[in-house]
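Fold and geometry: a report
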Amino acid sequence: MKRVMFVFGTRPEAIKLCPLIRRLARQRDRFEARVCVTAQHRAMLDQVLEAFEVRPDHDLNLMLANQSLAQLTARVVAALEPVIEAERPDLVLVQGDTTTTFCAALAGFYARIRVGHVEAGLRTGDRRQPFPEEINRILTTRVADLHFAATEDASANLRTEGVPAGSIFVTGNTVIDALLFIRDGLDQGRLAGGSWPFLDLSRRLILVTAHRRESFGEGFERICQALVTLAGRPDVQIVYPVHPNPNVLEVVHRHLSGHPNIYLVEPLDYVPFVDLMMRSHLILTDSGGIQEEAPSLGKPVLVMRDKTERPEAVRAGTVRLVGTAVDKIVAEAVRLLEDSEHYRQMARRHNPYGDGQACDRIAEILQL
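This report concerns the structure included in the present document.

**Points about the sheet that holds strand 10 (residues 262-265)**
With parallel pairing, the 6 strands of this open sheet are ordered in space as 10-9-8-11-12-13. Each of the sheet's edge strands pairs with one partner strand only, and the pair in question is strand 10 and strand 13 (319-321). Strand-to-strand twist of the sheet, defined as the mean angle between neighbouring strand axes without regard to direction, takes the value 20 degrees. Sheet topology note: the strand 8 (residues 204-209)/strand 9 (residues 236-241) ladder contains 4 bridges and is parallel.

**With respect to the sheet that holds strand 4 (residues 91-95)**
By way of backbone hydrogen bonds, the strands of a sheet pair with one another, either parallel or antiparallel. The 7 strands are arranged 3-2-1-4-5-6-7 in an open sheet whose pairing can be described as parallel. Edge positions in the sheet fall to strand 3 (58-59) and strand 7 (168-170), since each has one partner strand and no second. Here 2 bridges tie strand 2 (residues 31-37) to strand 3, and the two strands are oriented parallel to one another. Paired with V37 across the strands is D59, a residue of strand 3. This element, helix 4 (residues 99-110), spans strand 1 (2-8), strand 4 and strand 5 (114-120) of the sheet and lies at about 165 degrees to strand 4.

**A few points about the environment of C359**
Within the fold, C359 resides in helix 15 (residues 358-366). Separated by 184 residues in the primary sequence, C359 and V175 have C-alpha atoms spaced 9.6 Å apart.

Rules used throughout
The residue numbering used here restarts from 1 in each chain and proceeds along that chain's sequence as written. Where local features are concerned, this predicted model is filtered to residues with pLDDT of at least 70; where side-chain atom pairs are given and counted, the filter is 80 or more; whole-chain, interface and lining totals use all residues. Calculated side-chain values reflect all of the structure's heavy atoms, with hydrogen atoms and water omitted. One requirement defines pairing of two strands: DSSP has to find at least two bridges between them. In this description a helix means any DSSP run of H or I spanning at least four residues, a strand means any run of E spanning at least two, and both kinds are numbered starting from the N terminus. What counts as an axis is a line fitted to C-alpha atoms, over the stretch in contact for a helix, and the angles between N-to-C directions run from 0 to 180 degrees. For this analysis, residues touch if any pair of their heavy atoms sits within 4.5 Å.

The structure is reproduced here in structure tokens:
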């Protein structure tokens, strides 16, 4: 039996690791899955754990208001040391590119424990975009032993950096496993979607998420200006679940609060958010995860970033980079609203990130 210790701290990590935790739990004769959360994002993490019925064995509860990246990094590494020492797992498993991801990989390395990295190999080629995620994933690669890449592109990135080919496995992305689990639960009535009394079914829904650090300041000012312009159309409604970061809240509420066609809502739990994605006509986002999820739902995505570490969806035509320029955001959104053939081409259900079987593949590899 292998003891596998999952370490994560944010909502995106939880979404992508909880299906794998559930998968390993089905083979209790082969695996002992142990779960440690740092709670880097407290409330946004807890609702995902509840949706997937995952209970942490260790909750470090490290979230503090306005803590710096340096403070968080130091606290996570120090807090993980006694946990890893007590558990002595065969493998520390991390996901993605958060501060928790890098710190857990480093703590595992310090303890001479093998480290597995789910969603390895994403790169923009710019250490400062996204910040600090690009450097987090680069550093995680340097200390990891097993690299579970979602795509061939990500695998090629790792090989280019000198990672041994025998330690790289192309599995697809576990986020598709998670999305299909929630989608099917909504369709079957096993899970309850959100309550949206304000939605007008005669209008097309534009779903917005934006929270990236590299857009703080002028980038968010421009994004909000673009949303005001789009909200002037009588045929659309905009729903924006606003991230709790003060750098996001202040500018979003200053520009958008009170607009009759823009609905600012609290951050949504994962299940109602998937429900809202399913109801949307198109999505404006700077989220990496949504770039991966939306193609499986047939939803066009406009990415409000200048660079993406997920070029596969751009090549597939389901995602388009628009940056934060007002004119570009508006023009691309209007084209999707008015050009039905262009919309159909972007909305086709082709997802380069997986088929919902990534967890099975990873479980098989971990048994070797």
